[in-house]
Amino acid sequence: MNEKRSEINELGEFGLIDRIAGQVSLQHPSSVKGIGDDAAVIDAGNDFVLVSTDLLAEGVHFDLAFTPLQHLGHKAVSVNVSDIAAMHGRAEQVVVSLALSNRFSVEAVDALYEGIRAACAQYKVDLVGGDTTASRSGLVISITVVGRVAKDKVVYRSGAKPNDIICVTGDLGAAYTGLQILEREKEVYLSNPDMQPGLEKYEYLVGRQLRPIARTDIVFELEELGIKPTSMIDVSDGLASELFHLGKNSNVGTRIFEDKIPIDQSTFETTALEFKIDPITCALNGGEDYELLFTISQDDFEKIKNHADIHMIGYVHEKPNEHSMVTKQGNEVPLRAQGWNHFKS
Ligand code: ADP
Ligand code: MG
């Protein structure tokens, strides 16, 4: 045997997806958008139907040492609903597939579904099916969400135009900071089980990691304001990585301003003082904030400028794949798309 073996980590997650996408062609006219956006877009007659799936694996995406199963169930639904929101659509159904090892009891599955049901109620989504199987190595949850959007309302990653304003909702970097806290407290607990973790002070940050909320509210509000973004994506891998995705799909570049990036006070204090890392790094390269990043035409500036939870952080320009940040000191530095590389190590 002398077959070539290429390592997946050389290609990376995005390289691998690009490779798969290059090997696939679409045959149905109803397959409006295949691989490459937050959800697939399917022509269903009057509307577009949206489909997206996300898989969470124990030891990769979550650590049951500090993740309550209710929260995990809720998060697994939220991250899927977020992808539908990123298409400017509304989620309607989910199917839930589980691989379970015998380590899990019926009560554990009940707790997981308590969270799933709570999220379904919160987002007004119906749980309509799934699959259950055994696993030899921990828990795997895969959720597929189905949503809907009017044909003239769908927003892709690909519509950003030079001079558009780049907007992001909420605040960034908190979920990553929350994860650092949980991992630190786990180490403290393992070395001294009598120590109770003191998490009260970090409630916001830990909550952002364990129980993110999909920004379905923003989809409604943009509609009320009469704004259709020119492009949109949800922030699952960190702001920098998502700017690269928008830029690549829209064939444009971006320039953002450090002092405009929304970071919560608690993220600032915890990252800078306790972890000695730059909060901006957490916002740019942390992950799992599940906020919405979108671009709007300059014509829509007046409609959005007073919105308390939508922050204008920069501009789109015509140079493809050139993404930079103007620092607080006024220097322009190139951004790097880090994202998560699950195939590392
Ligand atoms: P998101 O972060 O929004 O969930 P991903 O980065 O996971 O998006 O996926 C980007 C695109 O690649 C999506 O269109 C997704 O459906 C597609 N994709 C991801 N993994 C695969 C795969 N193994 N086979 C086919 N398509 C995939
Ligand atoms: Mg997404």
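Here goes a summary of the coordinates provided. Just so it is clear, the structure is predicted and the values come from calculations on it, not from any experiment.

### Brief notes about the overall build of the protein chain
- For the protein chain, the helix and strand inventory stands at 10 helices and 13 strands.
- In terms of overall size, the protein chain behaves like a compact globule, its C-alpha atoms giving a radius of gyration of 20 Å where 345 residues would be expected to give roughly 20 Å.
- With respect to the three principal axes, the spread of C-alpha positions in the protein chain is 55 × 55 × 50 Å.
- Within the protein chain, the proportion of its 345 residues that are buried is 46%.
- Here the analysis covers contacts within the protein chain between residues at least 6 apart in sequence; of these, 84% occur between residues at least 24 apart.

### What about the environment of Leu 199?
- Inspection of the secondary structure assignment puts Leu 199 in the loop between α4 (174-191) and α5 (203-210).
- Along the chain, Leu 199 and Gly 178 lie 21 residues apart, while their C-alpha atoms are 9.9 Å from each other.
- Not counting the four nearest positions on each side in its chain, Leu 199 is found in contact with Ile 181, Leu 182, Glu 185 and Val 206.

### Structural notes on the sheet that holds strand β1 (residues 31-33)
- Taken together, the six strands give an open sheet; going across it, the order is β1-β2-β3-β6-β4-β5, and neighbouring strands pair in mixed fashion. Each having just a single partner strand, β1 and β5 (126-134) make up the two edges of the open sheet. Between one strand axis and the next, the sheet turns by 25 degrees as a mean value, whatever way the strands run.
- As paired strands, strand β3 (residues 47-57) and strand β6 (residues 140-150) are joined by 11 bridges and run antiparallel to one another. For Asp 47, the partnering residue across the bridge sits in β6 and is Ala 150.
- Contacts from helix α2 (residues 69-85) reach β3, β4 (90-100) and β6 within the one sheet, and its direction differs from that of β3 by about 145 degrees.
- Strands in contact with helix α3 (residues 106-123) are β4, β5 and β6; relative to β4, the strand with the most contacts, it is inclined by about 170 degrees.

### A few points about the coordination of the magnesium ion (ligand 2)
- Within the protein, Asp 38 (OD), Asp 83 (OD) and Asp 234 (OD) serve as the donor atoms for the magnesium ion (ligand 2), at 2.0 to 2.1 Å.
- One chain supplies every donor to the magnesium ion (ligand 2), and in sequence these donors are spaced D-x44-D-x150-D. Residue Asp 38 is found in the loop between β1 and β2 (40-43), and its partner Asp 234 is found in strand β8 (residues 231-234); the two are separated by 196 residues along the sequence. The same class applies to Asp 38 and to Asp 234, which are both buried.

### Points about the site of ligand 1
- Surveying the vicinity of ligand 1 reveals the residues Ile 17, Ile 20, Ile 35, Gly 36, Asp 37, Asp 38, Asp 54, Asp 83, Arg 157 and Ser 236.
- Contact between ligand 1 and Ser 236: an oxygen atom at 3.4 Å from a side-chain N or O atom of the residue.
- Taken together, the residues that form the shell around ligand 1 break down as three nonpolar, two polar and five charged.

### A look at the sheet that holds strand β10 (residues 292-296)
- Here seven strands make up an open sheet; going across it, the order is β8-β10-β7-β11-β9-β12-β13 and the pairing mixed. Of all strands in the sheet, those bounded by a partner on one side alone are β8 and β13 (332-334). Across the sheet, the axes of successive neighbouring strands diverge by a mean angle of 25 degrees, strand direction being ignored.
- Strands in contact with α2 are β8 and β10; relative to β8, the strand with the most contacts, it is inclined by about 175 degrees.
- Seen against the sheet, helix α7 (residues 239-250) touches β7 (165-169), β8, β9 (253-257), β10, β11 (310-317) and β12 (323-326) and runs at an angle of roughly 145 degrees to β8.

### Some words on the pairing of β12
- The side-chain alternation of β12 yields two buried faces, one formed by His 323 and Met 325 and the other by Ser 324 and Val 326.
- Looking at chain direction, β9 and β12 are connected through four bridges and run parallel. Residue pairing for β12: Phe 257 is matched across the bridge by Val 326.
- In this structure, β12 lies alongside β13, joined through three bridges in antiparallel fashion. What sits directly across from Met 325, in β13, is Val 333.
- As consecutive antiparallel partners, β12 and β13 are separated by five residues, and within that stretch Gly 330 has a phi angle of approximately 95 degrees, a positive value.

The rules behind these values
Sequence order sets the numbering: in each chain, residues are counted from 1 along the sequence as written. Following the order in which they are written, the chains are lettered starting with A and the ligands numbered starting with 1. Whole-chain, interface and lining totals are the exception, using all residues; otherwise, since this is a predicted model, local features are given only for residues with pLDDT of at least 70 and side-chain atom pairs are given and counted only at 80 or more. For the side-chain quantities, the full set of heavy atoms in the structure was used; hydrogens and water were omitted. Helix numbering and strand numbering both begin at the N terminus, where a helix is a DSSP run of H or I of at least 4 residues and a strand a DSSP run of E of at least 2. Computation of the radius of gyration draws on C-alpha atoms, with the globule rule given as 2.2 Å multiplied by the number of residues to the power 0.38. The rule is simple: take the accessible area with a 1.4 Å probe, protein chains only, and divide by the maximum for that residue type; under 20% is buried, over 50% is exposed, in between is partly exposed. It only takes one pair of heavy atoms within 4.5 Å for two residues to be counted as in contact. By definition, two strands form a pair when at least two bridges between them are found by DSSP. Fitting a line to C-alpha atoms yields each axis, with helices limited to the stretch in contact; the angle taken between N-to-C directions then spans 0 to 180 degrees. The donor set comprises N, O and S atoms within 2.8 Å of the metal, extended to 3.2 Å for Na, K and Ca; water molecules are omitted, so apparent gaps in a site may simply reflect that omission. Any residue with a heavy atom lying within 4 Å of a molecule or strand is counted as near it. Under this definition, polar contacts are N or O atom pairs within 3.5 Å; protein pairs additionally need one hydrogen-donor-capable and one acceptor-capable atom, and for neighbouring residues in sequence, both atoms have to be side-chain atoms. Residues are sorted three ways: Asp, Glu, Lys and Arg are charged, Ala, Val, Leu, Ile, Met, Phe, Trp, Tyr, Cys and Pro are nonpolar, and all the rest, Gly among them, are polar.

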